[in-house]
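As a plain string of letters, each chain reads:
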Amino acid sequence: MLSLDEIESAAAIVHGAMPSTAQYAWPLLALRAGCETWVKHENHTPTGAFKVRGGLVFMDRLKRRAPRTGGVISATRGNHGQSIALAAARNGIAATIVVPHGNSVEKNAAMRAFGAELVEAGHDFDAAKETAMTLADERGLVMVPSFHRDLVAGVASYALELFRAAPPLDTVYVPIGLGSGICGTIAARDALGLATKVVGVVSTGAPAYALSFAAKKVVPTNSADTMADGMAVRGPDAEALEIILKGADRIVQVSDAEIGAAMRAYYEDTHQLTEGAGAAALAALLQERGHMAGKRVGLILSGGNIDRPVYLRTLADT
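Explain the pattern of salt bridges to me, please; I cannot follow it from the model alone.
Pairs may arise between side chains of opposite charge once their charged atoms sit close together. Inspection of the entire model under this criterion finds 20 salt bridges. The residue Asp269 makes a salt bridge to Arg32 at a minimum N-O spacing of 2.7 Å. With Asp269 in helix 11 (residues 256–270) and Arg32 in helix 2 (residues 27–33), this residue pair connects regions lying 237 residues apart in the sequence. Exposure remark for Asp269: the relative accessible area of 12% places this residue in the buried category. Note on Arg32: relative accessible area 31%, which makes it partly exposed. As a salt-bridge pair, Lys246 and Glu242 come within 3.3 Å of each other at their nearest N and O atoms.

Spelled out as structure tokens, the structure:
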């Protein structure tokens, strides 16, 4: 899908705005999981999530292709929107971001702080996306999708960093929203010629990609009900699914209870703040603990953007 040259070119754009993030093998996590556990800390980017990488590459290339672009618009639950807002501002382009009603208060505040106009519409991500597409036509804005080759190339840079900095990994667990993260991980693995297995993680409350993976075709769902808003997607992207079908070993479903337990484990073992999607990879590893015993595993901690009241409730739970 992406050559090593393409990923390295995208990484150069990313690293012009931020340094590589760390990857650490945490000993307490290793004891908990029963295997050597390497965490890729995408919660340490300028937006607190991996998505910023894709936004930087997409907006840089858009500016080069169409230097007179007046504005862009996109739909999000938060991390994608922050990435587009930050990257658009860096390139002197106005950004409008559509979020569903009831979206994260703190993510909304961050998008506004990065300079975006925020529009609230619809009851979930897919409904917000429909509004964004309508506004794009009405206002003459460039619609930024949640899955695009340039976005994948950008986020693939985190996998490139991980694979080059960590020892050879048997398996990497990656949360799935619309799919740029797992597709970028597959692309980097293949470009480097590695044998690492890539495992996708979805919520039991938003299982569209797991159902689609099993059926080998797009299977949308009627709802996406999970605390992990970064994985709350009803309609899989067909292009992303094609890549996942070819390159992923399996998809694991984790419950909100398992995600909450993983968030607490991250805090106890590493003192890292994680959002729901950010802890999903660890939740999947703990679910498969027996299967992964003694192996060397990578976890993508995709983000740490969670509202304080939600996080406090999660930490207090037992």
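Would you mind showing me how to read the nonpolar core here?
It is characteristic of soluble globular proteins that their nonpolar side chains tend to be buried jointly. In terms of nonpolar packing, the biggest core is built from 73 residues, with Val72, Ile182 and Ile244 touching the most fellow members. A total of 10 residues in this core trace back to one element, the largest contributor, which is helix 7 (residues 149–165). Excluding residues that lie within four positions of it along the chain, Ile244 makes contacts with Ile176, Ile182, Cys183, Ile186, Tyr209, Phe213 and Ile251. Counting residues in hydrophobic clusters, the runner-up holds 31 residues, among them Val199, Ala277, Ala280 and Ile306.

Where do I start with the pairing of strand 8 (residues 197–203) in this structure?
A regular strand places its side chains so that they alternate between the two faces of the sheet. Among the seven residues in strand 8, six count as buried, and that is most of the element. The pairing of strand 7 (residues 171–175) with strand 8 spans five bridges and is parallel. Within strand 8, the position partnered with Tyr173 by the bridge is Val199. Viewed along the sheet, the connection from strand 7 through helix 8 (residues 180–192) into strand 8 turns out right-handed.

Can you walk me through helix 6 (residues 125–139) in this structure?
An α-helical segment advances 3.6 residues per turn. Residues three or four places apart therefore align on the same side. Over its 15 residues, helix 6 runs 20 Å from end to end, which matches the ideal 21 Å to within 8%, given 1.5 Å per residue. If you check which residues of helix 6 are buried, you get Phe125, Asp126, Ala127, Ala128, Ala132, Leu135 and Ala136. For helix 6, the elements touching its buried residues are strand 3 (71–75), strand 4 (94–99), strand 5 (117–120) and strand 6 (142–143). The backbone nitrogen of Asp126 lies 3.3 Å from a side-chain oxygen of the residue at the head of helix 6, namely Asp124.

Looking at this structure, I do not really get the sheet that holds strand 3. What am I missing?
The strand order across the open sheet formed by four strands is 5-4-3-6, and the pairing between neighbours is parallel. A strand with exactly one partner marks an edge of an open sheet, and here the two such strands are strand 5 and strand 6. Pairing of strand 4 with strand 5 involves four bridges; the strand directions are parallel. Each residue of the ladder has a partner; that of Val99, found in strand 5, is Glu120. Strands strand 3 and strand 4 of the sheet are contacted by helix 4 (residues 79–90), whose axis makes an angle of about 170° with strand 4.

Basis of the calculations
- Residues numbered from 1 in each chain as written.
- Predicted model: local features only at pLDDT ≥ 70, side-chain atom pairs only at ≥ 80, totals over all residues.
- Heavy atoms only, no water.
- Salt bridge = Lys/Arg side-chain N within 4 Å of Asp/Glu carboxyl O.
- Helix = DSSP H or I, 4+ residues; strand = E, 2+ residues; numbered from the N terminus.
- Buried < 20%, exposed > 50% of the residue type's maximum accessible area, 1.4 Å probe, protein only.
- Core = buried A, V, L, I, M, F, W, Y, C linked by side-chain atoms within 4.5 Å.
- Contact = heavy atoms within 4.5 Å.
- Pairing = 2+ DSSP bridges.
- Right-handed = clockwise from strand over helix to strand, strands pointing away.
- Expected span 1.5 Å × (residues − 1).
- Polar contact = N/O pair within 3.5 Å; in protein donor to acceptor, adjacent residues only side chain to side chain.
- Axes fitted to C-alpha atoms, helices over the stretch in contact; angles between N-to-C directions.

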